[in-house]
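The chain contents come next:
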Amino acid sequence: MQARLTAFVPDHAALTRSLSPGDRLRIGRADDCGLLLEHPSISRAHAELFASDDGRWQLADLRSKNGSFVEGARIDSASIDTSCWLRFGDVHCELALLDGAAAEADARRRNERHRTATACTAHLDTIARKDRSDDAPGQSLPDASLRAVAELAGCSRGFLLVDTHGRYRVLAALALDPSQMIGREFAGSLSAVTRAIEQRRPVVFNDIGGDVWPGACASVVQAGLRTLVCLPLLDGNQVLGAIYADRREPGPPLTTLDLELLEAFADRTALWLIARRAREDLAMYPSTPPLDWNSILTERILET
């Protein structure tokens, strides 16, 4: 039977691996592991997951320091014949056993994500062309970018921050007002935004149900959030802003595939911000006729 292993590493998108009978998946912190888990609680060679001759999945611990667990029980080896929760060190993983119909549904979901991303990209490009023209602007690019990220992340609310002369301002918001953003229940979200900006990398939270992540994630759980993502908007090493989205409703976790699509939208939004700033800078110049470069060169030759 096919299987899907989903690893939930704190502050990162979920890592997924599809497994077929005959596959052997080594899990650990070493570069040659099929599932690379970069977390201090993980040994270089932590565990191995494989199918036995009878088709049942087997989990073997590889003498790891912090242990391997099946449904909370520490094991040296175990036979698995039903979907369950695994834990390697402090990293929780969901092992889902998939029959043919479930495997096909999994593939359809991945294809649908790509189709949605393509449609959102086309919509964003259309708005960008209108933004550069003299036509009525219609939906703004900040709003369109935020809604595209929220749709791809399966989130219901969010906001887009932009750095304006050293101060971050909310340029677009979805199902959020300022009063919600200053309450104590939003503290974990603000911490995620701060980390994304300071570390210049995406911050992702997936609630796996019942387990509270360490640190600032505790306030995210207490706020009832099931998913959270914050993407910095970058021009090289310069932070232009950030896009934040979250949801309280149950839904699939944000995976590395989802994050790749979301980062592509963040890059497009950053390019739009760079172009808009360039237009604003040009508008600051006095409205005098531009000097002709060839004329300047001609005058210089005549003078000499």
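Throughout this document, residue positions are counted from 1 along each chain, in the order its sequence is written. The predicted nature of this model means local features are confined to residues of pLDDT at least 70 and side-chain atom pairs, given and counted, to a pLDDT of 80 or more, with totals for whole chains, interfaces and linings taken over all residues. For the side-chain quantities, the full set of heavy atoms in the structure was used; hydrogens and water were omitted.

Engineer: Even after reading the chapter, I still don't get the overall build of the chain, so can you show me in this structure?
Structural biologist: A run of DSSP states H or I qualifies as a helix once it reaches four residues; a run of E qualifies as a strand once it reaches two. Both are numbered from the N-terminal end. Scanning the chain from N- to C-terminus turns up seven helices and 16 strands. Accessibility here uses a 1.4 Å probe with only protein chains present; expressed as a share of the type maximum, an area under 20% marks a residue as buried, one over 50% as exposed, and anything in between as partly exposed. Out of the 304 residues belonging to the chain, those deemed buried represent 44%. Taking the intrachain contacts of the chain between residues at least 6 apart in sequence as the baseline, contacts between residues at least 24 apart amount to 53%. Computed with the Shrake-Rupley method and a 1.4 Å probe, the accessible areas treat only the protein chains shown as cover for residues. For the chain, the accessible surface area stands at approximately 16,400 Å², while carbon and sulfur atoms represent 51% of it. Any two residues having at least one pair of non-hydrogen atoms within 4.5 Å are treated as being in contact.

Engineer: Hey, could you run me through the sheet that holds strand E3 (residues 24-28) in this one?
Structural biologist: Within a sheet, neighbouring strands are paired by backbone hydrogen bonds and run either parallel or antiparallel to one another. Read from one edge of the open sheet, five strands run E4-E3-E5-E6-E9, paired in mixed fashion. Among the strands making up the open sheet, the edge pair consists of strand E4 (35-36) and strand E9 (77-80). Note on pairing: two strands pair once DSSP finds at least 2 bridges between them. Pairing geometry for E3 and strand E5 (residues 47-51), over four bridges, is antiparallel. In the strand pairing of E5, Arg24 is matched with Phe50.

Engineer: Explain the packing of aromatic side chains to me, please; I cannot follow it from the model alone.
Structural biologist: Here a ring pair, both rings aromatic, is described through the centre-centre distance and the interplanar angle of the planes. For Phe, Tyr and Trp, where Trp contributes only its six-membered ring, two rings pair if their centres lie within 6.5 Å, and the inter-plane angle classes them as stacked under 30 degrees, edge-to-face over 60, or tilted in between. Applying the stated rule across the entire model yields two aromatic pairs. For the pair Phe8 and Trp85, a centre-to-centre distance of 5.9 Å together with 35° between the ring planes defines the contact as tilted. Of this pair, Phe8 sits in strand E1 (residues 2-8) while Trp85 sits in strand E10 (residues 84-88); the two residues are 77 residues apart in sequence, bridging distant segments of the chain. The partly exposed category is assigned to Trp85, whose relative accessible area is 30%.

Engineer: Would you mind going over the side chain of Ser41 with me for this structure?
Structural biologist: Structurally, Ser41 can be placed in the loop between E4 and E5. Counting of polar contacts relies on pairs of N or O atoms within 3.5 Å, with two restrictions inside protein: one atom must be capable of donating a hydrogen and the other of accepting it, and residues adjacent in sequence are counted only when both atoms are side-chain atoms. Side chain to side chain, Ser41 and His39 meet in a polar contact 2.8 Å long. If sequence neighbours within four positions are ignored, Ser41 has contacts with His46, Asn66, Phe88, Gly89, Asp90 and Val91.

Engineer: I tried to follow helix H2 (residues 141-153) on my own but got confused; where do I start?
Structural biologist: Turn by turn, an α-helix covers 3.6 residues, leaving residues three or four places apart pointing in a common direction. Compared with an ideal rise of 1.5 Å per residue, which puts 13 residues at 18 Å, H2 spans 18 Å between its outermost C-alpha atoms and is within 8% of the ideal. Of all 13 residues making up H2, 11 are buried, and the element is well covered by its neighbours. Buried within H2 are the following residues: Leu141, Pro142, Asp143, Ala144, Ser145, Leu146, Ala148, Val149, Ala150, Leu152 and Ala153. For H2, the N-terminal cap is Ser140; the gap from its side-chain oxygen to the backbone nitrogen of Asp143 is 3.2 Å. Gly154 sits one or two positions beyond H2 and adopts a positive phi of about 70°. Expected helix span is given by 1.5 Å per residue-to-residue step, counting one fewer step than there are residues.

Engineer: How should I be thinking about the environment of Asp11 in this particular structure?
Structural biologist: If you trace the backbone, Asp11 turns up in the loop between E1 and strand E2 (15-19). Looking at Asp11, the relative accessible area reads 17%, which means it is buried. Residues Asp11 and Val204 lie 193 residues apart in sequence; the distance between their C-alpha atoms is 4.8 Å.

Engineer: Sorry if this is basic, but what is going on with the pairing of strand E15 (residues 227-235) here?
Structural biologist: Within a regular strand, the side chains alternate between the two sheet faces. Summarising burial for E15: seven of the nine residues are buried, a large majority. In this sheet, E15 lies alongside strand E14 (residues 203-206) in antiparallel orientation, the contact comprising four bridges. Within E15, the residue paired with Phe205 across the bridge is Leu228. Where E15 lies against strand E16 (residues 238-247), nine bridges are found, and the strand directions are antiparallel. The residue of E16 that forms the bridge with Leu228 is Asp246. Connecting the antiparallel pair E15 and E16 is a turn made up of two residues, with Gly236 showing a positive phi of about 70°.

Engineer: I keep staring at the sheet that holds strand E12 (residues 157-164) and nothing clicks. Help me out?
Structural biologist: Pairing in this open sheet of five strands is antiparallel, and the strands run E13-E12-E16-E15-E14 from one edge to the other. Across the chains shown, the open sheet's two edge strands, defined by having one partner strand only, are strand E13 (167-174) and E14. Put simply, the sheet's adjacent strands are angled 15° from each other on average, direction ignored. As paired elements, E12 and E16 share six bridges and run antiparallel to each other. Directly across from Leu161, in E16, lies its bridge partner Ala242. A fitted line through C-alpha atoms represents every axis, and for helices the fit uses only the stretch in contact; the resulting angles, taken between N-to-C directions, go from 0 to 180 degrees. Running over the sheet, H2 touches E12, E13, E15 and E16 and is turned about 65° from E13. Along the sheet, helix H4 (residues 187-199) contacts E12, E13, E14, E15 and E16; its crossing angle with E15, the most-contacted strand, is approximately 30°.

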